[in-house]
Amino acid sequence: MRKLAFFLTLLFVTPLVLVGNAHAESGAGLEEAGITMVALRNDSLDLNQDGDVDAVRVVVILNSSIPSTIVDVRLIATHNDRSVTESTTIEINGQTNASLTYDAWSRGSHDLVLAFYDMNGAEISTISLPTYEMVPALQTPMLTLQFSGQNNLQTGSNCEINRMFADETGPRYGALGTLTFTGAPFIVLDNATSIDCSTWPAGEYSLRETYRNELGQTAETSLNLTIENRPAPTFDLVVTGDGLTTDRSCLIAVQPTNSNEDFTPYSKEWDVSTTSLISDGPVYDCSSLPAGVHLVVLKVTNMENIASTQAVNIVRLPAAELTPDEQEALPSQSFGDETVTEDVGWYTIAVLGLVVAIVVFVLLVRVREDDELLTLPELGPAPQILNDGSPDPEGLPTVLDDDGQLWRKHPDGSLDWWDPTYNIWQRW
């Protein structure tokens, strides 16, 4: 009695669809399965409150003469030859209701069908519902590539690309699609929401991302980037202590010419011509260099392995008070008229002249009795001429061609030509 009262109340308060034709078309299948459709209601909804229909909710009340009947209720919507299904499984134990909601995924006409299936997947019955003109309230696929970085990009500059993606329709109906990202020099994973482009090499990049779900919805976005090669580091060398004595301090520091360029992460290598030591760091302490002229070279390499060098000559003067070891290590220097010189004696000159005279005499009178040294070197093959100076054909036939060249022919057909330079026969 309570169920009947509830049904009568629902009948008069809410608009129920108990169309005779629809019930007649579907009643046979349900009745054969022992199921009775008590009521059917379908409501159009405006979920986003924009004045357009974007969803339909279907409520069906079923009763069964069997103590427990399990039924799969499906709401099938067709739009542009694509079908989307909302389903729920209920156990009919007495009077039971099922509610299904279909959200439009595209603008246009949507044909709805309510179907019933048993647990084996066999169709029990179908009911055709009205056709609705609907506008989607769900988020359609959307892609965005948002660049974050400076305007003039160079290799190593801070560069980031944020990928934004949204699709409420595909996941709503299990129709997820695939993302395709092209144009990057390296592989970009589909789940990467942020792309670090600070490590990309120089070049022009045309980035493009596309998406397509199984409902046929697509989205596309693009982004163009230009990355230029970072120039070599430019800097000056600031010297303190050049031209001072070795007991005074001496420092050489690197100073970037571009105030916006940070040299902190760069590699700095100092090389001094008079020492075998190579040091690093932004400042070189040249106080320990001995007296003399030293070529100091600094090589700066940035993060892209682009290097530049600068050099400076450092003059260090000897201090006023030096130890004997320091004096020995000093280069030769002149003190003007006070420079101590050593006299070269006449005896030394006479002895040196005598030694030279003896050496010359030995070279002039030396006679080597070696026959091989007296023989003349081989001058080449002996001339092949007769007593009158004409070529000796050695009994072979000869012929003079139109150019005046003399030839002789061997029995095997090979030829020789006469070489007047050496007076011999040359093989052709």
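Per chain, residue numbering runs from 1 following the sequence as it is written. Only residues with pLDDT of at least 70 are given local features in this predicted model, and only at 80 or more are side-chain atom pairs given and counted; all residues enter the totals for whole chains, interfaces and linings. Neither water nor hydrogens contribute to the side-chain values; these are computed over all heavy atoms in the structure.

Considerations on the state of the cysteines
Note on terminology: pairs of cysteine sulfur atoms within 2.5 Å are recorded as disulfides. All told, the structure shown has two disulfides when counted by the stated rule. The side chain of Cys-250 participates in a disulfide bridge whose partner is Cys-286; the two sulfur atoms lie 1.8 Å from each other. Where Cys-250 bonds to Cys-286 through sulfur, the torsion about that S-S bond is close to -85 degrees, and the disulfide is left-handed. Taken together, the residues Cys-250 in the loop between strand 15 (235-240) and strand 16 (251-256) and Cys-286 in the loop between strand 19 (283-285) and strand 20 (292-301) connect sequence positions 36 residues apart. Note on accessibility: Cys-250 and Cys-286 belong to one class, buried. A run of H or I in DSSP counts as a helix once it spans at least four residues, and a run of E counts as a strand once it spans at least two, with each numbered from the N terminus. Buried means the residue's accessible area, taken with a 1.4 Å probe over protein chains only, is under 20% of the maximum for its type, while exposed means over 50%, and partly exposed covers the values in between.

Comments concerning the sheet that holds strand 13 (residues 203-212)
Strands are labelled as partners when DSSP assigns at least two bridges between them. Strand order in this open sheet of four strands is 9-14-13-11, and the pairing throughout is mixed. At either end of the open sheet lies a strand with only one pairing partner, and these are strand 9 (153-154) and strand 11 (178-182). Taken together, the five bridges between strand 11 and strand 13 define a ladder with antiparallel strand orientation. In the strand pairing of strand 13, Leu-179 is matched with Tyr-211.

With respect to the pattern of salt bridges
Here a salt bridge means any side-chain nitrogen of Lys or Arg lying within 4 Å of a carboxyl oxygen belonging to Asp or Glu. A full pass over the atoms with the stated rule returns ten salt bridges. Of the charged contacts, one joins Asp-43 and Arg-41 as a salt bridge, the two residues approaching to 2.6 Å between their closest N and O atoms. The same class applies to Asp-43 as to Arg-41, namely buried. Of the charged contacts in the structure, one is a salt bridge between Asp-103 and Arg-172, with a shortest N-O distance of 2.8 Å. In this pair, Asp-103 is assigned in strand 5 (residues 95-103) and Arg-172 in helix 3 (residues 169-172), connecting sequence segments 69 residues apart. Under the relative-accessibility criterion, Asp-103 is labelled buried at 9%. The structure contains a network of salt bridges with shared partners spanning Glu-394, Arg-408, Asp-416 and Arg-427.

Digging into the environment of Gly-51
The residue Gly-51 is located in the loop between strand 1 (35-45) and strand 2 (55-64) in this model. Put simply, Gly-51 and Val-135 are 84 residues apart on the chain and 9.8 Å apart in space, counted from C-alpha to C-alpha.

Quick word on the nonpolar core
To define a nonpolar core, start from buried Ala, Val, Leu, Ile, Met, Phe, Trp, Tyr and Cys residues and group those joined through side-chain atoms within 4.5 Å. Membership of the largest hydrophobic core comes to 31 residues, with the highest contact counts inside it found for Val-60, Val-73, Tyr-102, Leu-114 and Phe-116. Those elements that provide at least two residues to this core are strand 1, strand 2, strand 3 (69-79), strand 4 (82-92), strand 5, strand 6 (108-117) and strand 7 (123-134). Looking at which element gives the most residues to this core, the answer is strand 7, with five residues. Counting residues in each nonpolar core, the second largest holds 17 residues, with Trp-270, Leu-289, Val-312 and Ile-314 among its members.

Some details on the side chain of Gln-217
Mapping Gln-217 onto the fold places it in the loop between strand 13 and strand 14 (218-228). For Gln-217, a relative accessible area of 11% gives the class buried. Any N or O atom pair separated by 3.5 Å or less is treated as a polar contact, with the protein-specific requirement of one donor-capable and one acceptor-capable atom, and with residues adjacent in sequence counted only for side-chain atom pairs. For Gln-217, the side chain forms a polar contact with the main-chain oxygen of Trp-105, separated by 2.6 Å. With sequence-adjacent residues up to four places away left out, Gln-217 is seen in contact with Trp-105, Thr-140, Pro-141, Asp-167, Thr-169, Tyr-211 and Arg-212. In this description, contact between two residues means that some pair of their heavy atoms is separated by no more than 4.5 Å.

Here we look at the confidence of the model for the chain
A score between 0 and 100, pLDDT records how confident the predictor is in each residue. Here the chain averages 83 in pLDDT, and 84% of its residues register 70 or above. When mean pLDDT is compared element by element in the chain, strand 6 scores highest at 95, while helix 1 (residues 2-13) scores lowest at 34. The low-confidence segment residues 1-26 (pLDDT under 50) makes 25 contacts with residues lying over four places distant or belonging to another chain. Every residue in residues 369-373 is under pLDDT 50, and counting partners more than four places away or in other chains gives one contact.

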